[in-house]
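Tertiary structure, described
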Amino acid sequence: MAVIPAPDSATVPEKGPAPRRARRLPTAPLLNPLALVLGLGVWWVLAATGLVDVPGPWPVARRAGEMIADGSLLTDTLASLRRVLIGFVLGVVLAVPVGFLMGWYPPVRALLEPYVQFFRAVPPLAIIPLAIVLLGIGETPKVFVIFLASFLATVVAALQGVTATDRTLINAARVLGAPDRVIFLKVVIPASTPFLLVGARIGLGSSWATLVAAELIAADKGLGYEMTHAQTYYDLPTIFVGLLTIGVVGLVMDRLLLRAERHLTSWQERR
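Here the structure is a predicted model, which means the values were calculated and not measured.

What counts, and where the lines are drawn
- Residues numbered from 1 in each chain as written.
- Predicted model: local features only at pLDDT ≥ 70, side-chain atom pairs only at ≥ 80, totals over all residues.
- Heavy atoms only, no water.
- Helix = DSSP H or I, 4+ residues; strand = E, 2+ residues; numbered from the N terminus.
- Buried < 20%, exposed > 50% of the residue type's maximum accessible area, 1.4 Å probe, protein only.
- Contact = heavy atoms within 4.5 Å.
- Areas by Shrake-Rupley, 256 points an atom, 1.4 Å probe, with all protein chains shown as cover.
- Axes fitted to C-alpha atoms, helices over the stretch in contact; angles between N-to-C directions.
- Left-handed = near helix turned anticlockwise from the far one by under 90°.
- Nonpolar A, V, L, I, M, F, W, Y, C, P; charged D, E, K, R; others polar.
- Core = buried A, V, L, I, M, F, W, Y, C linked by side-chain atoms within 4.5 Å.
- Patch = residues over 30% accessible without salt bridge, like charges linked within 9 Å, V, L, I, M, F, W, Y side chains within 5 Å.
- Salt bridge = Lys/Arg side-chain N within 4 Å of Asp/Glu carboxyl O.
- Expected span 1.5 Å × (residues − 1).
- Bend = angle between axes of the 7 residues up to and from the residue.
- Phe/Tyr/Trp six-rings, centres within 6.5 Å; stacked < 30°, edge-to-face > 60°.

1. Here we look at the overall build of the protein chain
Check the secondary structure of the protein chain and you find 10 helices and zero strands. Mapped in sequence order, the helices and strands of the protein chain form the string α-α-α-α-α-α-α-α-α-α. Within the span of the protein chain, comprising 271 residues, buried residues form 34% of the whole. In the protein chain, of all internal contacts separated by at least 6 residues, the share reaching a separation of at least 24 is 75%. Carbon and sulfur atoms make up 68% of the accessible area of the protein chain, which amounts to about 17500 Å² in all.

2. Some words on the packing of helix α3 (residues 72-104) against helix α6 (residues 139-163)
Between α3 and α6, the least distance of the axes is 6 Å, while the angle of their chain directions is 35°. The element α3 and its partner α6 pack so that their crossing is right-handed. Among the residues making up the contact of α3 with α6, the classes are represented as 20 nonpolar, seven polar and four charged.

3. Remarks on the nonpolar core
Ranked by size, the top nonpolar core spans 42 residues in total, and within it Phe100, Trp104, Ile183, Val188, Leu204 and Trp208 carry the most contacts. Top contributing element to this core by residue count: helix α8 (residues 180-214), with 11 residues. One finds Ile127, Phe147, Phe151 and Leu159 within the second-largest nonpolar core, a separate group that totals 11 residues.

4. Description of a nonpolar patch on the surface
On the surface, Leu130, Val133, Leu134, Leu135 and Phe144 cluster together into a nonpolar patch covering about 490 Å² of accessible area. No other element matches the four residues that helix α5 (residues 128-135) contributes to the nonpolar patch. Structurally, the position occupied by Leu130 is in helix α5. Residue Leu130 is classed as partly exposed on the basis of its relative accessible area, which comes to 48%.

5. Considerations on the environment of Ala126
Mapped onto the fold, Ala126 is located in the loop between α4 (106-121) and α5. On the basis of relative accessibility, which here comes to 47%, the residue Ala126 falls in the partly exposed class.

6. Some thoughts on α4
Spanning 16 residues, α4 covers 22 Å between terminal C-alpha atoms, matching the ideal 22 Å at 1.5 Å per step. When the local axis directions of α4 are compared, the greatest deviation, roughly 40°, occurs at Leu112, which is followed within four positions by the proline Pro114.

7. Some words on the pattern of salt bridges
Inspection of the entire model under this criterion finds eight salt bridges. The closest approach of N and O atoms between Glu66 and Arg63, which form a salt bridge, is 3.1 Å. Taken together, the residues span about one helical turn, with Glu66 and Arg63 both in helix α2 (residues 57-69) at a distance of three residues. Residues Arg255 and Asp254 are paired through a salt bridge, measuring 2.9 Å at the closest nitrogen-oxygen approach. Classification of Arg255 by relative accessible area gives partly exposed; the value is 42%.

8. Re the packing of aromatic side chains
Under the counting rule described, the total for this entry stands at six aromatic pairs. With a centroid separation of 5.2 Å and 80° between ring planes, the pair formed by Phe118 and Phe119 is classed as edge-to-face. Here Phe144 and Phe147 contribute two aromatic rings whose centre-to-centre distance is 6.1 Å and whose plane-to-plane angle is 35°, an arrangement assigned as tilted. Of the two residues, Phe144 and Phe147 are both situated in helix α6; the distance of three residues between them amounts to about one turn of the helix. Ring pairing ties together the aromatic residues Phe100, Trp104 and Phe184, which thus form one cluster.

9. Quick word on unusual backbone geometry
Located in the positive-phi region is Tyr234, a residue other than glycine, with phi close to 55°. Relative to the assigned elements, Tyr234 resides in the loop between α9 (223-232) and α10 (236-264).

10. Comments concerning the environment of Val96
Within the element layout of this structure, Val96 appears in helix α3. Residue classification places Val96 among the buried positions, given a relative accessible area of 18%. The spacing of Val96 and Ala157 is 61 residues in sequence and 8.9 Å in space, taken between C-alpha atoms. Contacts of Val96, omitting those with residues within four sequence positions, involve Ala158 and Leu196.

None of the figures reported here should be taken as evidence of function without further support.
As structure tokens, then:
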């Protein structure tokens, strides 16, 4: 009768503890409402305890209801949104070709980059007195300072996108016989798109940041105008309504740009 040898203990795998499943972290749809609730709670505590002299959420909500009822909030929001959209769109539309030309042609970059960097060092708000003198006190100077803020942010991003394009891809396309026009359209522009969209998001934030100061230029409506007018009478609820409206509208616009970025750069690996 054959004897079956006992298996060597060295060859028998030991049973270890079952591997733990990686914990799934909460996703953004769950964390965003939580962050909102926490923010409102902190705001309410600061107002209720008097640590900071600010109105609480309820007085601000009541004031917002009054402004919605008399139509002033909608009128001011549309006026500000119109100025931001015109300035932002003009800035991006001009910044894209200028940034691409600077990135693709070194002589153009050498000619224009000093001016771009110079004006980047000058805050758009410092241009307001000059804009008033040269452009008057109508809508043009308000749109111009917003345009300048978005243009400077986007042109640098477009330039960086072109210069950061992988040279291996460009050289491979040239080896295959592609002319410069095809290389630019099929290689450089797709590779620059993520940089360009990030620059557009930064430019959008700069446009809203410049809005309040831009509406100091003899404006008769707009969120910045209402906030400045309320400052004269120490009307903090109205100031908070303006701040929150700018933040909400700006956040919605940023999310729209983010969705466009994810659609246009779906080929990128993401975390």
